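A structural walkthrough
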Amino acid sequence: MTLTPRQLALSTLDRQLLLERRRLDVAEAVRRLCALQAQSPASPYLALWNRLEDFAPEDLDAAFAERRVVKAPLMRITLHAVHSEDHEPFRAAMLSTLRSSRLSDRRYTSTALTPADADALLPELAAFLARPRTGAEVEAEVTARFGEHAHRVWWALRTYAPLHHGPTGGPWSFTARNAYVAAPAASEAGPEEAGAGVRRLLVAYLRAFGPASVQDFARFTLLTSRAIAQALRELGDRVVRVAGPDGAALIDLPEAVVPDERTPAPPRLLPMWDSALLAHVVPGRLMPPRYRPWVVRRNGDVLPCLLVDGRVAGVWRAVDGALELTAFHALDKAAWRGLTEEAVRLAALLADRDPAVYGRYRHWWDKGFPEAERVIVRG
């Protein structure tokens, strides 16, 4: 059977828990979803609100505080929230990419220091970060060894060293003033650990986003084609080949299922940088190509989106204690009714946490959209 574009979109929505909210523990949900984009502190919370029945933000607060869910640089050299048991193997998979992104950058190489110079600080850094420390505290510690180059050494280390971002409070557990803490029982990953990590990450990715192409997985991670090919060989029949639209070569897990093409997709208000929009090659499965320039800005910001029947139909933002929904094309009454019901619930959650969520990105609305309809919703 050759899968259709609609089936692939529904598969992503189903595995991302966006066809039906589920009753799951927040840490288990994060494991099911592979990883949640987390460079904006609110986004993991709003991602889970879209996916879990009766989601309580306090549950994710507790999971971060207890380190059952952790936040760290991982795929695409971007902050992600992952299940604590996945962090070390995922980091092992990504370590070569993370290291290269910093130690090969001229911001580090211009110091004339070598990678070994930064690596030599790892044991001392782990001891210093036995309890949470601010970035300023770490940089002051690094200054004792590297003097004027401390800022650039710490810039590199905070991306590839075995550490987590520590909760600092605020409405979403993390604030602009980052704290860092050593990852427990972390070890430096050799080739065997890296290979096992890539295999584990690939299986987790397919469980959360499959069926997918090798190129999709490469985009999600920035892993090399060689590393991915090796993982596929070693996984053997734990991964199967399927045919996508126009005969595209896709891979999936043998036990996975794909929804029927007639399955309805409910409305959703996705957070900024939702992983469902970033897990496949451009433009992705849920994004009409003509809307991508308005949703994905030139600097990489991915705006909060309206989903209608499984496709991006517009954007939303918090304004004056309400939610403003902007549709890029005319929607029927049923679509607006569904979006409004979602927006009322979300506005109520934000009222207790952060009524001005994503306020720092409001300048994108000043650039203008192909606005077909706009609705203001209050909780």
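One structure accompanies this document, and this report is about it. Being a predicted model, the structure only gives us computed values, none of them experimental.

1. Quick look at helix α12 (residues 214-221)
- Buried within α12 are the following residues: Asp216, Phe217, Phe220 and Thr221. Projected down its long axis, α12 carries its buried residues within an arc of 120°, all on one side.
- Contacts made by the buried residues of α12 are with α5 (84-103), α11 (191-209) and α13 (225-235).
- After α12 finishes, the residue Leu222 shows a positive phi value of roughly 75°.

2. Remarks on the sheet that holds strand β12 (residues 322-327)
- Spatially, the 5 strands line up as an open sheet ordered β9-β10-β11-β12-β13, and their pairing is antiparallel. Edge positions in the sheet fall to β9 (268-270) and β13 (373-377), since each of these pairs with one other strand and no more. Strand-to-strand twist of the sheet, defined as the mean angle between neighbouring strand axes without regard to direction, takes the value 30°.
- Looking at chain direction, β9 and strand β10 (residues 305-308) are connected through 3 bridges and run antiparallel. By the bridge assignment, Leu270 is partnered in β10 with Cys305.
- Across the sheet, helix α15 (residues 333-353) touches β9, β10, β11 (311-319), β12 and β13, and the angle it forms with β12 is around 150°.

3. Remarks on the pairing of strand β2 (residues 69-73)
- Across the 5 residues of β2, 5 count as buried, placing the element largely inside the fold.
- Going residue by residue along β2, you find Val69, Lys71 and Pro73 tucked away on one face and Val70 and Ala72 tucked away on the opposite face as well.
- Hairpin connection between β2 and strand β3 (residues 79-83): a loop of 5 residues separates the two successive antiparallel strands, and Arg76 in this loop has a positive phi of roughly 60°.

4. Some words on the nonpolar core
- In terms of nonpolar packing, the biggest core is built from 72 residues, with Leu48, Trp316, Leu323 and Leu325 touching the most fellow members.
- Considering every element that reaches this core, the biggest residue donor is α15, with 8 residues.
- Aside from chain neighbours lying at most four places away, what touches Leu325 is Leu269, Leu306, Val315, Trp316, Trp336, Leu339, Ala343, Glu373, Arg374, Val375 and Val377.
- Of all hydrophobic cores here, the second largest spans 55 residues; its members include Ala35, Leu74, Leu95 and Ala279.

5. Re the packing of aromatic side chains
- On inspection of all chains with the given rule, the structure shows 16 aromatic pairs.
- Centroid distance Phe64 to Phe174: 4.9 Å. Interplanar angle 85°. Geometry classified as edge-to-face. Residue Phe64 is located in helix α4 (residues 57-65), and its partner Phe174 is located in the loop between β5 (163-166) and β6 (179-182); the two are separated by 110 residues in the primary sequence. For the pair Phe64 and Phe174, one class covers both residues: buried.
- Summarising the aromatic geometry, the rings of Tyr205 and Phe209 are spaced 5.3 Å apart at their centres and angled 35° between planes, so their arrangement reads as tilted. A residue pair is termed a helical-turn pair when its members lie 3 or 4 positions apart in one helix, as Tyr205 and Phe209 do in helix α11 at 4 residues.

6. Some remarks on the pattern of salt bridges
- Applying the stated rule across the entire model yields 24 salt bridges.
- Notably, a salt bridge pairs Arg51 with Asp274, separated by 2.8 Å at the nearest N-O pair. With Arg51 in helix α3 (residues 42-51) and Asp274 in the loop between β9 and α14 (292-295), the pair connects residues that are 223 residues apart, well separated along the chain. We note that Arg51, like Asp274, is buried.

7. Remarks on the packing of α5 against α11
- In the contact formed by α5 and α11, the axes pass within 7 Å of each other and the chain directions differ by 115°. With respect to α11, the element α5 is oriented roughly perpendicular. α5 and α11 meet at a crossing whose hand is left-handed. Listed contacts from α11 to Glu85, Asp86, Pro89, Phe90, Ala92, Ala93 and Met94 of α5 are Glu193, Ala194, Gly197, Val198, Arg200, Leu201 and Ala204.
- In terms of residue class, the contact of α5 with α11 is built from 9 nonpolar, 1 polar and 4 charged.

8. Considering the pairing of strand β8 (residues 249-252)
- In the sheet, strand β7 (residues 240-243) pairs with β8 via 4 bridges, with the strands oriented antiparallel. Note that in β8 the partner of Ala243 across the bridge is Ala249.
- The hairpin turn running from β7 into β8, its antiparallel successor, is 5 residues long, and Asp246 in that turn takes a positive phi close to 60°.

9. Digging into α5
- Taking the largest bend as the criterion, α5 deviates by roughly 55°, centred on Met94.
- Within α5, 14 of the 20 residues are buried, which leaves the element mostly enclosed by the surrounding structure.

Calculation criteria
- Residues numbered from 1 in each chain as written.
- Predicted model: local features only at pLDDT ≥ 70, side-chain atom pairs only at ≥ 80, totals over all residues.
- Heavy atoms only, no water.
- Buried < 20%, exposed > 50% of the residue type's maximum accessible area, 1.4 Å probe, protein only.
- Helix = DSSP H or I, 4+ residues; strand = E, 2+ residues; numbered from the N terminus.
- Arc of directions from axis to C-beta.
- Contact = heavy atoms within 4.5 Å.
- Pairing = 2+ DSSP bridges.
- Axes fitted to C-alpha atoms, helices over the stretch in contact; angles between N-to-C directions.
- Core = buried A, V, L, I, M, F, W, Y, C linked by side-chain atoms within 4.5 Å.
- Phe/Tyr/Trp six-rings, centres within 6.5 Å; stacked < 30°, edge-to-face > 60°.
- Salt bridge = Lys/Arg side-chain N within 4 Å of Asp/Glu carboxyl O.
- Parallel < 35°, antiparallel > 145°, perpendicular 65-115°, else oblique.
- Left-handed = near helix turned anticlockwise from the far one by under 90°.
- Nonpolar A, V, L, I, M, F, W, Y, C, P; charged D, E, K, R; others polar.
- Bend = angle between axes of the 7 residues up to and from the residue.

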